[in-house]
Amino acid sequence: MEISFVHAENFKLDGGACFGVVPKSLWSKLYPPDENNMITFSLRNLLVKDGPRLILFDTGTGFKQNEKFRQNFFITGESNLADSLDKTGVSPADITDVIHTHLHFDHCGGTFRFNANGETESVFKNANYWCSKAQWEWAHHPNPREKASYLKENLDPFEQSGRLSLIENNFQITDHILLKTVNGHTDGQIVPHIHYKGKTLVYMADFIPTAGHVSLPYIAGFDTRPLLSMEEKQKFLAEAVENDYLLLFQHDPLYECCTVHQTEKGIKVKETGKLDYFLNR
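Below is a short write-up of the structure.

Criteria and thresholds
- Residues numbered from 1 in each chain as written.
- Predicted model: local features only at pLDDT ≥ 70, side-chain atom pairs only at ≥ 80, totals over all residues.
- Heavy atoms only, no water.
- Helix = DSSP H or I, 4+ residues; strand = E, 2+ residues; numbered from the N terminus.
- Buried < 20%, exposed > 50% of the residue type's maximum accessible area, 1.4 Å probe, protein only.
- Core = buried A, V, L, I, M, F, W, Y, C linked by side-chain atoms within 4.5 Å.
- Contact = heavy atoms within 4.5 Å.
- Arc of directions from axis to C-beta.
- Salt bridge = Lys/Arg side-chain N within 4 Å of Asp/Glu carboxyl O.
- Polar contact = N/O pair within 3.5 Å; in protein donor to acceptor, adjacent residues only side chain to side chain.
- Pairing = 2+ DSSP bridges.
- Axes fitted to C-alpha atoms, helices over the stretch in contact; angles between N-to-C directions.

### So, unusual backbone geometry
Part 1: At phenylalanine 74, a position not held by glycine, the phi torsion is positive, near 50°.
Part 2: Looking at the secondary structure, you find phenylalanine 74 in the loop between α3 (67-72) and α4 (81-87).
Part 3: You can call phenylalanine 74 partly exposed: its relative accessible area is 34%.

### As for the nonpolar core
Part 1: By size, the foremost hydrophobic cluster in this structure holds 56 residues, and its most contacted members are Ile95, Leu103, Phe124, Phe236 and Leu247.
Part 2: Once you skip the residues sitting within four places of it in the chain, leucine 247 turns out to touch Val202, Met204, Val214, Phe236, Leu237, Ala240, Glu256, Cys257, Cys258 and Val260.
Part 3: Counting residues in each nonpolar core, the second largest holds 23 residues, with Val48, Phe57, Ile99 and Leu179 among its members.

### Some words on helix α6 (residues 133-140)
Part 1: Considered for burial, the residues of α6 that qualify are Gln135, Trp136, Trp138 and Ala139. One face of α6 carries all of its buried residues, which in axial projection span an arc of 165°.
Part 2: Looking at the buried residues of α6, the elements they touch are β7 (128-132), α7 (152-161) and β8 (164-167).

### Here we look at the pattern of salt bridges
Part 1: Within the structure shown, the criterion is met by 8 salt bridges.
Part 2: In this structure, aspartate 34 and lysine 12 form a salt bridge, with 3.0 Å as the shortest nitrogen-oxygen distance. Of this pair, aspartate 34 sits in the loop between α2 (24-30) and β2 (38-50) while lysine 12 is found in strand β1 (residues 2-14), placing the two residues 22 residues apart along the sequence.
Part 3: Three or more residues joined by partner-sharing salt bridges are found here, namely Arg113, Glu121 and Lys125.

### Focus: the side chain of histidine 213
Part 1: Tracing the chain through its elements places histidine 213 in the loop between β12 (199-203) and α8 (226-243).
Part 2: On the basis of relative accessible area, histidine 213 is assigned to the buried category, the value being 2%.
Part 3: A polar side-chain atom of histidine 213 sits 2.7 Å from a polar atom in the side chain of threonine 210.
Part 4: The residues contacting histidine 213, other than those within four sequence positions of it, are Cys18, Phe19, Ile208, Tyr218, Ala220 and Lys233.

### Re the sheet that holds β8
Part 1: Spatial ordering of the open sheet is given by β1-β2-β3-β4-β7-β8, a layout of 6 strands whose pairing is mixed. Since the sheet does not close on itself, it has two edges, and those belong to β1 and β8, each with one partner. Mean inter-strand twist for the sheet, computed between neighbouring axes without regard to direction, equals 20°.
Part 2: Of the strand pairs in this sheet, β7 and β8 are connected by 4 bridges, and their pairing is parallel. Its bridge partner being in β8, serine 132 is matched across the sheet by isoleucine 167.
Part 3: Packing of α6 onto the sheet brings it into contact with β7 and β8, and relative to β7 it is tilted by some 80°.

Shown next, in the form of C-alpha cells:
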C-alpha cells in the first residue's frame, strides 16, 4: 500500500463561519485571518494505492465555475490536481476509484471538466465513482442553508456517467479501507479509515477539518447539525485516543496530520507533522 497527499487548490472562508460560536480572540491565535476576516484553507486530497486499485479521495473545486465564483472564494494555487498527480507519477487515467467524502463543491468539483467544445467530460476516464446514498439524496434535495454548496454542473455528470455507486452505512471498499459515515456536517459524509502497517489513518474531510477543530466546542458554522457534530466528534476522538489513530487533514493550511491524547482538559492534539513523518518513523 502507498499513501500520499495530492494538492488541488487553496481557497478562503470566513473565519467566524469556520469556527462557529468560538470567539475570534481564540481561533485567530491558531489561524490568523486576513483583513477581511478570511482564512486560507487547503484542498489536500488523498491518494491510496491498494493492490491493483488506485483510489483518490475527493477532487477539489475544479475549473467549471466562472471567475466571479472563484473570486468569491479566493480560489488560488500554483498547481491543480492533475499537476499534483503528475508529480507523484500518476496520470488521471490511472485512477481506478474516486471516493467523494461528500458532494460540496470543494470536494467533487474536479471530477469533471468542460472540454474545448464546452461539453462535460470525466477527468478520470477509467474510474468508478463512490458516494454515500444519504449524501446523494441530500444533495438533490438540499435545505436552503446548504443549497449553494451543491452545484448542478458537478452533480449531473455523475448520473450521466453510469459509473456512480452509492454506499450505505459502513462499507469495506478494500481489505484495508473502511468507509464510515457521519451526519453532523451534512448527511452521509464519508470518513475513510485506512489500515496501514498496523496503524489506522483517518481522512477527516469536513468532519474535523483542521487540527484546531479537535477541541470539542470548535464546530464549523457550516455544519447542518452542530450538536450532532459534537456528539459524533466526541465519540470518534475517544476511539482515536484508544486506538492511536492518525488524523489526516484535508483543509488545515498548517498541519497535514496529528495524533491526539487525553488531557485534564479533554482530548487535545498530541503531535502534528507531515504524513511522511508519521508513516516512516
